[in-house]
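Here's the letter readout for the chains.
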Amino acid sequence: MSVAPSTTVPLDDRFSRELPEMALPWQAEEAPDPELLVLNEQLAGELGLDPAWLRGAEGLGLLLGTRVPSGATPVAQAYAGHQFGGYVPRLGDGRALLLGELVDAGGMLRDLHLKGSGRTPFARGGDGLAAVGPMLREYVISEAMHALGIPTTRSLAVVATGRPVRRETLLPGAVLARVAASHLRVGSFQYAAATRDLDLLRRLADHAITRHHPGAADADRPYLALFEGVVSAQASLVARWMTVGFVHGVMNTDNMTISGETIDYGPCAFLDAFDPATVYSSIDHGGRYAYGNQPLVAEWNLARLAEALLPLLHDDPEQAVALAVEALGAFRPRYDAAWSAGMRVKLGLRHEPDAEVSALADELLGLLQADHVDHTSFFRALGSAARGDAEPARNLFLDLAAVDGWLERWRALDPDADVMDRVNPVYIPRNHLVEEALEAATGGDLDPLGRLLEAVTAPYDERPGLERYAAPAPPDFGAYRTFCGT
Ligand code: AMP
Ligand code: MG
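Let me sum up the structure you'll find in this document. (Residues numbered from 1 in each chain as written. Chains lettered and ligands numbered in written order. Predicted model: local features only at pLDDT ≥ 70, side-chain atom pairs only at ≥ 80, totals over all residues. Heavy atoms only, no water.)

1. Here we look at the overall build of the protein chain
Basically, it comes down to this: Secondary structure counts use DSSP, requiring at least four H or I residues in a row for a helix and at least two E residues in a row for a strand, with both numbered from the N terminus. Two things to know: the radius of gyration comes from C-alpha atoms, and the globule rule equals 2.2 Å times the number of residues to the power 0.38. For the exposure calls, accessible area comes from a 1.4 Å probe over protein chains only, and a residue counts as buried if that area is under 20% of its type's maximum, exposed if over 50%, partly exposed in between. Contacts: residue pairs with any heavy atoms within 4.5 Å of one another. All accessible areas in this document rest on Shrake-Rupley with a 1.4 Å probe, and a residue is counted as covered only by the protein chains that are shown. When charges are counted, Lys and Arg contribute as positive and Asp and Glu as negative, whereas His and the chain ends are disregarded. The location of each charge is read from NZ of Lys, CZ of Arg, CG of Asp or CD of Glu.
Looking only at helices and strands, one finds 19 helices and 11 strands in the protein chain. Scaling as 2.2 N^0.38, a compact globule of 486 residues should have a C-alpha radius of gyration of about 23 Å, and the protein chain matches this with 23 Å. By the burial criterion, 58% of the 486 residues in the protein chain qualify as buried. Within the protein chain, contacts between residues separated by at least 24 positions form 72% of all contacts whose residues are at least 6 apart in sequence. Approximately 19000 Å² of the protein chain is accessible, and the part contributed by carbon and sulfur atoms is 53%. Where the 41 positive side-chain charges of the protein chain centre and where its 65 negative ones centre are 3 Å apart.

Here you go:
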């Protein structure tokens, strides 16, 4: 690949052209001493960006937002949102910028976006900055999610700025460059609806249809079809989270995408022991965003999206509500079907009806919960059980009689171990390993981060030498908490 000067990075400004009312032109803050901490070369390639160029001064300028290609218009995006159930009419990118859109190798339009690039007019009381640890955390977890096959925003790079950030202590600052199908959120629609500018709401919906649910354009009711598309994408996304044991942690409506990608990795984590009540976020006192609540919360957020879309659904408000209610009714069956399908492959089953798979899976999850069994280790060990060696799975339980009964009934269904090994990961970003890697990186040692990334970006492929990346947290790791003070 040739070295491209920054002026040739073909950044489009489609969002700000089509939706200027929601795009505030803004500039990134200068970084006193930039240092590239991690670069996703494969993703750079997909985007047509030369990794060698990105590592140079001009490339770092792009990744920090301080040297943007001529013609590009970095903007802070406006959005609203329900945070922990309370409506906030004006959130927006307080410390983030959309640099613009790029066409990737597959012909798809992708947002190039920065987080931690300085205060914007949406910053409210925030400093507009981000620390190295939380930005690397988003990098690791989003790339692990991608490798697990779960729709997500991607991480292109983390660049340390050389500027300290004040949190509980002084921490090194960083900017994350991330890539997304778009940054349209449920909260974007809430914002547009609240302006009462029907033309803006319609343009936003048209923009979303073109980018994410193009089939909706040909439907009898395109905006209803858009809503149905989001319902379906989110039902299947959250089912994926549930089957892999992912806890998002802050499912506010501004953190839920229209594309169906996972977005905004803050206080998120993967389950160790299986327990629906698991909450990692230190600010989620009521457990609103507990693991087991995620499908319900997604449905609640989609109801907020429906409310925002009502004026586009029908001229008669009552009929608009009826259409929205009916469309939202598809969430539960769609989620149930996606969850059963996910559990079916996790259990290696083929011919049984969905209801039977779900019943067997529910019973199993009850056993995991009762004995505090490590979610990821169990499902991987179950592959060995399908091959005839049940000991690795049995060893995780105290109540052997109960699990033996379950294993016997499951084995009688002739599970396919190869199918199971392709969907039950060996390596996930385990909380104790993420903490270890971020702490080391914050202190200047990037080796643990590199090894963790190596493990979690090929999650199904068991490799010698990576045993500690497959093992549950040591008992002294204790109750894990993640912090929103990112
Ligand atoms: P989040 O919980 O990270 O999704 O952020 C919620 C809102 O707070 C968004 O509007 C962010 O832009 C804003 N925000 C979060 N942290 C900061 C910060 N350090 N400075 C300015 N705004 C922030
Ligand atoms: Mg957010």
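Moving on, there is more to tell.
2. Side note on the pairing of strand β9 (residues 170-180)
Sheet faces and side chains relate simply in a regular strand, where the side chains alternate between the two faces. This is how it is decided: Whether two strands pair comes down to DSSP finding at least two bridges between them.
Where burial is concerned, most of β9 is hidden: 8 out of the 11 residues are buried. Alignment of strand β8 (residues 154-166) against β9, held across 9 bridges, turns out to be antiparallel. Bridge pairing in β9 places R154 opposite V179. Hairpin connection from β8 to β9: 3 residues lie between these consecutive antiparallel strands.

3. Brief notes about the coordination of the magnesium ion (ligand 2)
Heads up, the condition is: Excluding water, the donors of a metal are its N, O and S neighbours within 2.8 Å, or within 3.2 Å for Na, K and Ca, and that exclusion means sites may look incomplete.
Coordination of the magnesium ion (ligand 2) by the protein involves N255 (OD1) and D264 (OD), with metal-donor separations of 2.0 to 2.1 Å. We classify N255 as buried; its relative accessible area is 12%.

4. Points about the packing of helix α9 (residues 294-313) against helix α11 (residues 331-346)
Quick reminder of the rule: Axes, fitted as lines to C-alpha atoms, cover a helix only where it is in contact. Angles between the N-to-C directions of the axes lie from 0 to 180 degrees. Crossing handedness is read from the near helix: turned anticlockwise from the far helix by less than a right angle, it gives a left-handed crossing, and turned clockwise, a right-handed one. Put simply, Ala, Val, Leu, Ile, Met, Phe, Trp, Tyr, Cys and Pro go in the nonpolar bin, Asp, Glu, Lys and Arg in the charged bin, and everything else, Gly too, in the polar bin.
For the pair α9 and α11, the least separation of the axes is 11 Å and the interaxial angle reads 145 degrees. The chirality of how α9 crosses α11 is right-handed. Taking contact as the criterion, the partners of P295, L296, A298, E299 and L302 in α9 are, on α11, F331, R332 and Y335. Its residues assigned to classes, the contact of α9 with α11 shows 6 nonpolar, no polar and 2 charged.

5. Some points on the pairing of β8
Counting buried residues in β8 gives 10 out of 13 residues, a clear majority hidden from the surface. Sheet analysis places strand β2 (residues 35-39) next to β8, joined by 4 bridges and oriented antiparallel. The residue bridging L39 from the neighbouring strand is A157, located in β8.

6. Side note on the environment of A327
Relative to the assigned elements, A327 resides in helix α10 (residues 317-328). In sequence terms A327 and A306 are 21 residues apart; their C-alpha atoms lie 8.9 Å from each other. Look past the residues within four positions of A327 in its chain and what remains in contact with it is L224, F227, E228 and V231.

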